[in-house]
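Spelled out, the chains give:
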Amino acid sequence: AEQELAAKQAQLNNILENAQQGVVLFDDQKKLIAWNARYPETLNIDQDFLYPGLPLFDLTLILASRGDYGDGDPRELANRRVEQLYSGNFRGDISFDDGRIFDAQSSRTPDGSIVITYTDITERKQTERIIAEAKRLIDESMQYGSRIQRALLPSEDSLKQIFSDHFLIWEPKDVV
């Protein structure tokens, strides 16, 4: 049984250490239980700061004081983040001053603990911004083309002066 337990522990450690996400576990008393090597890297905190039993509030207070949760009173922001994490399943983006963006997701376990994962989504967010900017430019170009097309059409008054009976069909596919 001990060998089987040791093998399972080794498998779990292997999974945690090779995961691309930062992973952390807090117990039902909101105290740090375990974390993988990517977790302190993700939060940009010193590995030596972490220890089993560290209160989640203390950790979130450091992050809030750095401005990781936005502007406002750090104690209030830290309390709000702890409440969010323990309210059930939580998911949100966290941006850091160095430009990194992480998708943070917490999940409650049956015993009341929470597992929090941090997935780096910086590249995806940058790509989304580039695509949004390209779409904006394309939309502006199409609106400009539409204005040019409408400007080339004769006005209703001009057509009435030249023709007694007339009609005009203008059916742009989308905007142009």
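Look above for the structure.
Below: a short report on this structure.

Rules behind the numbers
Residues numbered from 1 in each chain as written. Predicted model: local features only at pLDDT ≥ 70, side-chain atom pairs only at ≥ 80, totals over all residues. Heavy atoms only, no water. Helix = DSSP H or I, 4+ residues; strand = E, 2+ residues; numbered from the N terminus. Rg over C-alpha atoms; globule rule 2.2 N^0.38 Å. Buried < 20%, exposed > 50% of the residue type's maximum accessible area, 1.4 Å probe, protein only. Contact = heavy atoms within 4.5 Å. Areas by Shrake-Rupley, 256 points an atom, 1.4 Å probe, with all protein chains shown as cover. Lys, Arg positive; Asp, Glu negative; His and termini not counted. Charge placed at Lys NZ, Arg CZ, Asp CG, Glu CD. Expected span 1.5 Å × (residues − 1). Pairing = 2+ DSSP bridges. Core = buried A, V, L, I, M, F, W, Y, C linked by side-chain atoms within 4.5 Å. Salt bridge = Lys/Arg side-chain N within 4 Å of Asp/Glu carboxyl O. Polar contact = N/O pair within 3.5 Å; in protein donor to acceptor, adjacent residues only side chain to side chain. Axes fitted to C-alpha atoms, helices over the stretch in contact; angles between N-to-C directions.

## Observations concerning the overall build of the protein chain
Reasoning step 1: A tally of regular secondary structure across the protein chain gives six helices and five strands.
Reasoning step 2: Overall, the protein chain shows an N-to-C arrangement of helices and strands of α-β-β-α-α-α-β-β-β-α-α.
Reasoning step 3: Taken against the 2.2 N^0.38 rule, which gives 16 Å for 176 residues, the C-alpha radius of gyration of the protein chain at 28 Å runs more than 25% over that of a compact globule.
Reasoning step 4: With respect to the principal axes defined by its C-alpha atoms, the protein chain has extents near 100 × 40 × 30 Å.
Reasoning step 5: Residues counted as buried form 30% of the 176 residues belonging to the protein chain.
Reasoning step 6: For the protein chain, the share of sequence-separated contacts (at least 6 apart) that also reach a separation of at least 24 residues comes to 35%.
Reasoning step 7: Carbon and sulfur atoms provide 52% of the accessible area of the protein chain, an area that totals close to 12000 Å².
Reasoning step 8: A gap of 3 Å separates the mean positions of the 20 positive and 30 negative side-chain charges of the protein chain.

## Considerations on helix 5 (residues 122–152)
Reasoning step 1: For helix 5, spanning 31 residues, the distance from its first C-alpha to its last is 46 Å, which sits close to the expected 45 Å at 1.5 Å a residue.
Reasoning step 2: For helix 5, the full list of buried residues reads Thr122, Gly145 and Ser146.
Reasoning step 3: Those residues of helix 5 that are buried lie in contact with strand 4 (101–108) and strand 5 (114–120).

## Looking at the pairing of strand 1 (residues 22–26)
For a regular strand, the rule is simple: side chains alternate between the two faces of the sheet.
Reasoning step 1: Along strand 1, four of the five residues are buried, which leaves the element largely enclosed by surrounding structure.
Reasoning step 2: Strand direction decides the pairing type here: strand 1 and strand 5, joined by five bridges, are antiparallel. Of the residues in strand 5, the one forming a bridge with Leu25 is Val115.
Reasoning step 3: Taken together, strand 1 and the strand that follows it, strand 2 (residues 32–35), pair antiparallel across an intervening segment of five residues, in which Lys30 is found at a positive phi of about 65°.

## Quick look at the nonpolar core
Reasoning step 1: The biggest cluster of nonpolar side chains holds 28 residues, and the ones touching the most others in it are Val24, Phe26, Tyr39, Leu50 and Tyr118.
Reasoning step 2: Among the secondary structure elements, those contributing two or more residues to this core are strand 1, strand 2, helix 2 (38–43), helix 3 (56–66), helix 4 (74–86), strand 3 (90–95), strand 4 and strand 5.
Reasoning step 3: With sequence-adjacent residues up to four places away left out, Val24 is seen in contact with Leu32, Ala34, Trp35, Tyr39, Ile114, Val115, Ile116 and Tyr118.

## A short note on the pattern of salt bridges
Reasoning step 1: The final tally for this structure, using the stated rule, is 10 salt bridges.
Reasoning step 2: Between Arg91 and Asp103 there is a salt bridge, with its nearest N and O atoms 2.7 Å apart. Residue Arg91 is found in strand 3, and its partner Asp103 is found in strand 4; the two are separated by 12 residues along the sequence.
Reasoning step 3: Note on Arg91: relative accessible area 57%, which makes it exposed.
Reasoning step 4: Judged by relative accessible area, Asp103 falls into the buried class, the value being 8%.

## Describing the environment of Ser95
Reasoning step 1: Locating Ser95 in the fold gives a position in strand 3.
Reasoning step 2: With 26 residues separating them along the chain, Ser95 and Tyr69 place their C-alpha atoms 8.0 Å apart.
Reasoning step 3: The contact partners of Ser95, leaving out residues within four places of it in the chain, are Asp68, Arg100 and Ile101.

## A look at the side chain of Thr122
Reasoning step 1: Tracing the backbone through its elements, the reader meets Thr122 in helix 5.
Reasoning step 2: Here Asp120 takes part through its side chain, which lies 2.6 Å from a polar atom of the side chain of Thr122.
Reasoning step 3: Once residues lying within four places of it in the same chain are set aside, the contact partners of Thr122 are Gly99, Arg100 and Ile101.

## Section: the sheet that holds strand 1
Reasoning step 1: With respect to topology, five strands assemble into an open sheet ordered 2-1-5-4-3, the strand pairing being antiparallel. Two strands close off the open sheet at either side, each with one partner strand: strand 2 and strand 3. Direction aside, the axes of adjacent strands within the sheet are offset by 20° on average.
Reasoning step 2: Here strand 1 runs beside strand 2; their pairing, made up of three bridges, is antiparallel. Bridge pairing in strand 2 links Val24 to Trp35.

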